[in-house]
Amino acid sequence: FGKKTQIVAVSKNHPRKSVEKALKHGVRIFGENRVQEAKTKFENLKKEYPDLELHLTGPLQTNKAKEAIKLFDVFHTLDREKLAKELAKQGGLKNKKFFIQVNTGKEDNKSGIYLEHLYEFANFCRNDLNLNIVGLMCIPPINDKPSEHFSILEKEAKNNNLFQLSMGMSSDYTEAIKHNATD
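Here is what the cut-offs are and how they apply
Residues numbered from 1 in each chain as written. Predicted model: local features only at pLDDT ≥ 70, side-chain atom pairs only at ≥ 80, totals over all residues. Heavy atoms only, no water. Helix = DSSP H or I, 4+ residues; strand = E, 2+ residues; numbered from the N terminus. Contact = heavy atoms within 4.5 Å. Polar contact = N/O pair within 3.5 Å; in protein donor to acceptor, adjacent residues only side chain to side chain. Phe/Tyr/Trp six-rings, centres within 6.5 Å; stacked < 30°, edge-to-face > 60°. Buried < 20%, exposed > 50% of the residue type's maximum accessible area, 1.4 Å probe, protein only. Disulfide = S-S within 2.5 Å. Salt bridge = Lys/Arg side-chain N within 4 Å of Asp/Glu carboxyl O.

**Q** Mind laying out the environment of Asn33, listing which residues take part and the relevant values?
**A** Mapped onto the secondary structure, Asn33 falls in the loop between strand E2 (29-32) and helix H2 (35-48). C-alpha of Asn33 to C-alpha of Leu118: the two residues are 85 residues apart in sequence and 23 Å apart in space. Setting aside residues up to four positions removed in sequence, Asn33 forms contacts with Lys12, Leu56, Thr57, Gly58 and Pro59. Only 2.7 Å separates the side chain of Asn33 from the side chain of Thr57, close enough to count as a polar contact.

Now the structure itself:
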């Protein structure tokens, strides 16, 4: 670890004008939850700002994988084999980065790979599908201490030879940084 933490400016539900204003002030890393909303805001802006990096921070349906690969640079929510296979089929993955979403709290209402399946899934994605898996992501259960889940994710990243951690939001980012969050 030891990498610097970078802030992803989540622009979901914000108008394109707000994004343009942020770009004029030097912001270059944005996160969006939905493919269609991101396409509306960023398709032309990515041509105008070649250093703009767009992160998909929300769930991805397999039928939107082709469109998502064209638009996004980093995917934070790789959460199942079917999606991994669909992404791998698309081509154009050379500079794409993927985080595996881990369901550290085993919540039924959340997506993500359970810890006991992580090693096998990560190796499948890297070795069989040639996806550029750079790290892990989690969203802690709302009623748990985030630090407990950040600690689990940090340990699992080391065990799986991954060096980036996508964790922490506005309310708990300082705790995430203590556990080596990179995104």
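Still more ground to cover, so stick around.
**Q** Describe the packing of aromatic side chains, and please don't skip the residues or the numbers.
**A** In this structure the tally under the stated criterion is three aromatic pairs. Plain terms: the ring middles of Phe75 and Phe98 are 5.1 Å apart, the flat faces sit at 20° to each other, and that makes the pair stacked. Pair noted here: Phe75 is in strand E4 (residues 74-78) and Phe98 is in strand E5 (residues 97-101), with a separation of 23 residues, a long-range link. Neither residue differs from the other here; Phe75 and Phe98 are each classed as buried. Through pairs of rings, three or more aromatic residues link up here, namely Phe72, Phe75 and Phe98.

**Q** Describe the state of the cysteines, listing the residues and the values that go with them.
**A** Counted according to the given criterion, the structure contains zero disulfides. Not part of a disulfide, Cys138 finds its nearest cysteine sulfur in Cys125, a span of 17 Å. Of the residues examined, Cys138 reaches a relative accessible area of 3% and is grouped as buried.

**Q** Residues and numbers for the pattern of salt bridges, please.
**A** By the definition in use, this model includes 12 salt bridges. In this structure, the salt-bridge partner of Glu81 is Lys85, at a minimum N-O distance of 3.0 Å. On the criterion of helical spacing, the pair formed by Glu81 and Lys85 is a turn pair, its members being four residues apart in helix H4 (residues 81-90). Each of Glu32, Glu37 and Lys41 takes part in a single network of salt bridges with overlapping partners.

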